[in-house]
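# Descriptive analysis of the structure
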Amino acid sequence: MRWAALYARSRQLPAAFGALLVATSGVWFLGRDSWNAILVALALTTAVAVAATGLSGQDPDLDRTAALPWPVRRFAHLALIAIVAGAVVLGVQELGSSAVAASIIVRDAAGLAGLAGLAATTAGGQFGWTLPLAWAAVSLFVPSGTSTTDQVTAWLRQPAETPAATWTAVILAIAGAFAYTGWGGRR
């Protein structure tokens, strides 16, 4: 599987994985005594943001002219970001005494990866971190409310049984995966 190793190196996956581990562990270490949904959102945002910087190669024209099909690789790369980010957060939270529900972590990881895919498609792979970080930053300042607008805007902080938050994450995940898989990173 030489192509997989070349793809991983061209997308800086080993460095991104190391940064993902360090960043997630750092967030957990700083908030280990008061681990909650806000810290999980911060850890996931950090993990997805550092991994999303490799959503395009150094030469987009070379990516578009490859003999092997890219859509499968693009989808796998985006899905791998969500899976690894979620798994690392699930793993580090087990080191502490409090834990956030796995369904919240899975929902948030999928939605943030979708945002990274949308950012990579519209602004370029090197800017895949922008939309997840921007949405997380805005959601921290949205007041806790029961209106649908508040629940959609602050979907990262909502409980697992909030339908608006779940649907927001699902829509973002599908839209991001569809856009990035179909078109890849912007030139």
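To start, this report covers the structure provided alongside it.

What counts, and where the lines are drawn
Residues numbered from 1 in each chain as written. Predicted model: local features only at pLDDT ≥ 70, side-chain atom pairs only at ≥ 80, totals over all residues. Heavy atoms only, no water. Core = buried A, V, L, I, M, F, W, Y, C linked by side-chain atoms within 4.5 Å. Buried < 20%, exposed > 50% of the residue type's maximum accessible area, 1.4 Å probe, protein only. Helix = DSSP H or I, 4+ residues; strand = E, 2+ residues; numbered from the N terminus. Phe/Tyr/Trp six-rings, centres within 6.5 Å; stacked < 30°, edge-to-face > 60°. Lys NZ or Arg CZ within 6 Å of the ring centre and 35° of its normal. Expected span 1.5 Å × (residues − 1). Contact = heavy atoms within 4.5 Å. Axes fitted to C-alpha atoms, helices over the stretch in contact; angles between N-to-C directions. Left-handed = near helix turned anticlockwise from the far one by under 90°. Nonpolar A, V, L, I, M, F, W, Y, C, P; charged D, E, K, R; others polar.

On to the nonpolar core, then. In terms of nonpolar packing, the biggest core is built from 36 residues, with Trp35, Val40, Leu44, Leu55, Val89, Leu112 and Trp155 touching the most fellow members. Residue assignment for this core shows that the elements contributing at least two residues are helix 2 (13-31), helix 3 (37-52), helix 5 (70-93), helix 6 (102-123) and helix 9 (163-183). Top contributing element to this core by residue count: helix 3, with nine residues.

For the rest of this paragraph, the subject is the packing of aromatic side chains. Scanning the entire structure with this criterion turns up two aromatic pairs. Measuring from centroid to centroid gives 6.2 Å for tryptophan 135 and tryptophan 155, while their planes differ by 75°, and the two rings are edge-to-face. Taken together, the positions of tryptophan 135 in helix 7 (residues 130-139) and tryptophan 155 in the loop between helix 8 (148-153) and helix 9 put the pair 20 residues apart, joining distant regions of the chain. Classification of tryptophan 135 by relative accessible area gives partly exposed; the value is 24%. With a centroid separation of 5.7 Å and 80° between ring planes, the pair formed by phenylalanine 178 and tryptophan 183 is classed as edge-to-face. For tryptophan 183, a relative accessible area of 52% corresponds to the exposed category. Here the basic side chain of arginine 32 rests over the ring of phenylalanine 29, its NZ or CZ set 4.2 Å away from the ring centre.

To continue, consider helix 9. In an α-helix there are 3.6 residues to a turn, and that puts residues three or four apart on one side. With 21 residues, helix 9 ought to run about 30 Å at 1.5 Å a step, and its terminal C-alpha atoms sit 30 Å apart, in line with that. Among the residues of helix 9, Ala164, Ala165, Thr168, Ala169, Leu172, Ala173, Gly176, Ala177, Ala179, Tyr180 and Thr181 are the ones counted as buried. Packed against the buried residues of helix 9 are helix 5, helix 6, helix 7 and helix 8. Backbone geometry just downstream of helix 9 places glycine 184 in the positive-phi region, at approximately 70°.

On to the packing of helix 6 against helix 9, then. Contact geometry of helix 6 with helix 9 gives a least axis separation of 7 Å together with a crossing angle of 40°. Read as a crossing pair, helix 6 and helix 9 show a hand that is left-handed. Listed contacts from helix 9 to Arg107, Ala110, Gly111, Gly114, Leu115, Gly117, Leu118, Ala120 and Thr121 of helix 6 are Ala165, Thr166, Ala169, Leu172, Ala173, Ala175, Gly176, Ala179, Tyr180 and Trp183. Taken together, the residues of the contact of helix 6 with helix 9 break down into 12 nonpolar, six polar and one charged.

What follows deals with the packing of helix 3 against helix 6. Look at helix 3 against helix 6: their axes get within 10 Å of each other, and the N-to-C directions meet at 35°. The interaxial crossing formed by helix 3 with helix 6 has right-handed handedness. Residue-level inspection shows Val40, Leu44, Thr45, Val48 and Ala52 of helix 3 in contact with helix 6, the latter providing Ile105, Asp108, Ala109, Leu112, Ala113 and Ala116. A per-class count over the contact of helix 3 with helix 6 returns nine nonpolar, one polar and one charged.

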